[in-house]
Amino acid sequence: MPRPAPALAALPEDVLAHIAYRLALADLLGPPRHLTALLCTCRRVHHVLRIDNNAYLYARIFRAKFDHRAAGRRFALGATYSSSLAAQLVIYCRTLANIARGDIDSPTLLDDFWAAFTLCSENDGRNIDQLEHAGLFPFAERFILHRLWEDRDQCNGWPMEDITNALALWLYWYSATHGASPSRPRPHSHPPAPQNASPPSPSPSATPSSPSSAPTPSTTSATPLPRTRQPLPHPPPRPPRRLPRTLHRYAPRLLPPYRDPALAAHTLPHRHYGQKAVTLAEPPIGLVAKLLYVALQEQEAVDVDQLIPLTRADAVEVGWVGQTREDVREFARTRAVRFVSREGWDWRARLGEEGDEDRAWRWDGKSPSVRQENDWERWRGCFDPWDWRVGRGVTYTFGSLAGKWGGRFLDPGDAGEYVHAMHARAFDDVLQHPTRAPFEHALFFTLREHHCVSPARALPCPVSGGDPLDEGAMNAFLPSGFEGMCAVVGGGGGRPGVLRVRWGGEEYRYETYVEGRENSHDEATCEMCAAAQDGAQEEEDGDEDEEEEEEMRVERARRTVQHALGEGRDVEEFIAAVADQDQDQDRDGEDVRSVASSASTSGSGATEMFRTCSGITDIILTGETSARHDLAYGNFTYYGRVRAWDGLVVLVRAPAAPRVPALGRDPDTLDVYVFRGYLVGGENFVGAWRHVTDSVHTIPIEGPFVVSRVVEDEGGGGGGEAGRAGEVRA
């Protein structure tokens, strides 16, 4: 006698699916482990709830446990289908389980690192909580401490500069917080990994032993590059996955060195949200090493018990020129490094109506993952400087640098050790155990952005001294004497001013950016809009031709089918019958449910492409030191440019006459510096500084710098994040 079916198996499919959904969310953090027991109940329950038959259920679970809005912005509509989200749930849950297992020698380690990296890039609050629950920070730290230096004997003692090590450091950065930072004391015998990962090093383009921070050299202003500058005459068809740092993945015999795209690009090992192949540039290990190294330095206590005046008033009274204890305390309060913020599980609920966003990327997007958008687009499309294809995403958000910034830059503690590092081929004891820590210097400035809006002409980038490899990088890709040929007119009262630059007998106009105010862009006069409309018209004409050809092919196919059916049956009736049969079979299938349940599906189910034009063709930066910091550190003017291809920011700091000559520092005693770097996460401006020299080929002293946006307090002080307890020592 057959046993009666369990009561659970007799429930309707939608009720079973709802039970499974609630059971999966019994624990929000971690994979839906409780589902396993339910799926093992009986064959019918397993059939109804298995992922192949119920992608809609697992897509709901994915939306409840992970962030999905970034994928909807970055990819086509198919990324929001239930089938794509269900498959991504499997990938991410497997990654969380592997991280929680803590095996740093796992054969799936690189795949897990890539999946965790995309989770961090798409984080809107839930992803980072899932990774913290799985233990990403100690997992990445354990890898860095025990495997970062693996195979160093094969490359003269240097750690391998490969994709696994790069991802490990980036995951360490994403998962670090001010409570669990790189300098937190831990019971291990190894030295802190970030300190080993990036010792103070000379210019990345000057020595093969220093890690790179840019996808293409910062001496290049115009990209894509002409085909005359090739990386290798005959690139290897199957490049190795790991390269010693002495090779540095750069083409030999070319200055500046251009990274070979075949070695810089990596395809994700999994189908990311159903995409066939997603290729990303290797995240620069030099960039994250600078962030971690400066974060490590910020954990050291700042000694304010110095024989200097207490306040600026005391300094004025005694005729003191330089810092006061008040200035040192401000420096100690200022955090140059801002870790990835934790927005919480339901950030959209706190925003109310403002939390509603469509699939289009917007300048004023509220989701936390929008801050990662520039980085993602840089990794997604900036690995091949010879690629002339258009359609690259936004690598720099307009207005990001406008405002007050504060932080620090470091220079080598010992000049002799620095020279040794610059010429060292091997990572020897002198580099591994430096006698002095690097010197820290305060860095405060205020910047303004000036935009060239089409149809206005952008200021050309000069070529210095006839050297084809020198495109004016030492002067931020601006003409020599730029300070004397520009002036800002108008502005005030919230109105934008205009930067006028006179050069070569012509005048160039740049509109000053004002937050919340639109620029003068007009579709009727914008040359970029006109070019886009011409391209759209050509595409439409081509589509019409393709439609005519398609109609002809369909008609030929109809005649062929009609001939096969004979005169007794009409081809239209046959097609209608087949269509009805397919619809009945697929009514409960994955594709129909996917389109109906997609968060961003249009009525027609077609993929929507969002294109906006700001009319901005070039960005120039100007700025200065504030009056308060002038008295402490000297008066400086700033000017620079943003490279459109990848968002590289090049900024020159030039000494200027003090506002109060009797109390300020003599500008003749101050040097001209150039800062080159990127905005990481929309909050940290990080890169390398160096002295300005007459030739770009000269190798001067160089060091890392990091600044973040300053939030003024009521007392007039500022800091990226104030209140560094235990770091001010009086």
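Residues numbered from 1 in each chain as written. Predicted model: local features only at pLDDT ≥ 70, side-chain atom pairs only at ≥ 80, totals over all residues. Heavy atoms only, no water.

Student: How would you sum up the packing of aromatic side chains? Please name residues and give values.
Tutor: In this description, a pair of aromatic rings is defined by centroid distance and the angle of the planes. In the structure shown here, the tally under the stated rule is 27 aromatic pairs. Taking 6.1 Å as the distance between ring centres and 85 degrees as the angle between the ring planes, the aromatic pair formed by phenylalanine 75 and tryptophan 376 counts as edge-to-face. Of the two residues, phenylalanine 75 sits in the loop between α5 (69-74) and α6 (82-101) while tryptophan 376 sits in helix α17 (residues 373-381), which places them 301 residues apart along the sequence. Of the two residues, phenylalanine 75 and tryptophan 376, both sit in the buried class. Judged by centre distance (5.6 Å) and plane angle (75 degrees), the ring pair of phenylalanine 409 and tryptophan 689 falls under edge-to-face. Here the residue phenylalanine 409 occupies a position in strand β4 (residues 403-411), and tryptophan 689 occupies one in strand β13 (residues 684-691), the gap between them amounting to 280 residues. Phenylalanine 409 sits in the buried class, given a relative accessible area of 3%. Judged by its relative accessible area of 1%, tryptophan 689 falls in the buried class. (Phe/Tyr/Trp six-rings, centres within 6.5 Å; stacked < 30°, edge-to-face > 60°. Helix = DSSP H or I, 4+ residues; strand = E, 2+ residues; numbered from the N terminus. Buried < 20%, exposed > 50% of the residue type's maximum accessible area, 1.4 Å probe, protein only.)

Student: Give me the lowdown on the side chain of aspartate 124, citing residues and values where you can.
Tutor: One can find aspartate 124 in the loop between α7 (109-121) and α8 (126-134). Of the side chains with opposite charge, arginine 73 comes closest to the buried, unpaired aspartate 124, at an N-O distance of 5.0 Å. At 2.7 Å, the side chain of aspartate 124 and the backbone nitrogen of serine 369 are in polar contact. (Lys, Arg positive; Asp, Glu negative; His and termini not counted. Salt bridge = Lys/Arg side-chain N within 4 Å of Asp/Glu carboxyl O. Polar contact = N/O pair within 3.5 Å; in protein donor to acceptor, adjacent residues only side chain to side chain.)

Student: Tell me about the environment of phenylalanine 685, and please be specific about residues and values.
Tutor: Considering the arrangement of structural elements, one finds phenylalanine 685 in strand β13. By relative accessible area, which is 1% here, phenylalanine 685 ends up buried. Through-space distance from the C-alpha of phenylalanine 685 to that of phenylalanine 675 is 9.9 Å; in sequence the pair is 10 residues apart. Not counting the four nearest positions on each side in its chain, phenylalanine 685 is found in contact with Leu401, Trp405, Val649, Leu651, Gly677, Tyr678, Leu679, Phe705, Val706 and Val707. (Contact = heavy atoms within 4.5 Å.)

Student: Provide a residue-level description of the pattern of salt bridges, including the pertinent values.
Tutor: Under the criterion given, the structure shown has 20 salt bridges. For glutamate 683, the salt bridge identified is with arginine 338, shortest N-O distance 3.9 Å. Here glutamate 683 is found in the loop between β12 (673-680) and β13, whereas its partner arginine 338 is found in the loop between α15 (325-333) and α16 (347-351), with 345 residues between them in sequence. The salt bridge partner of arginine 643 is aspartate 646, with a shortest N-O separation of 2.8 Å. Each of the two residues, arginine 643 as well as aspartate 646, counts as buried. Salt bridges sharing partners connect three or more residues here, namely Arg73, Arg74 and Glu373.

Student: With reference to specific residues and values, describe the side chain of histidine 272.
Tutor: Residue position: histidine 272 is located in the loop between β1 (265-267) and β2 (279-281). Judged by its relative accessible area of 0%, histidine 272 falls in the buried class. A polar contact is formed between the side chain of histidine 272 and the side chain of glutamate 122, at a distance of 2.7 Å. In this structure histidine 272 touches Phe75, Gln88, Tyr92, Thr118, Glu122 and Val278, once residues within four positions along its chain are discounted.

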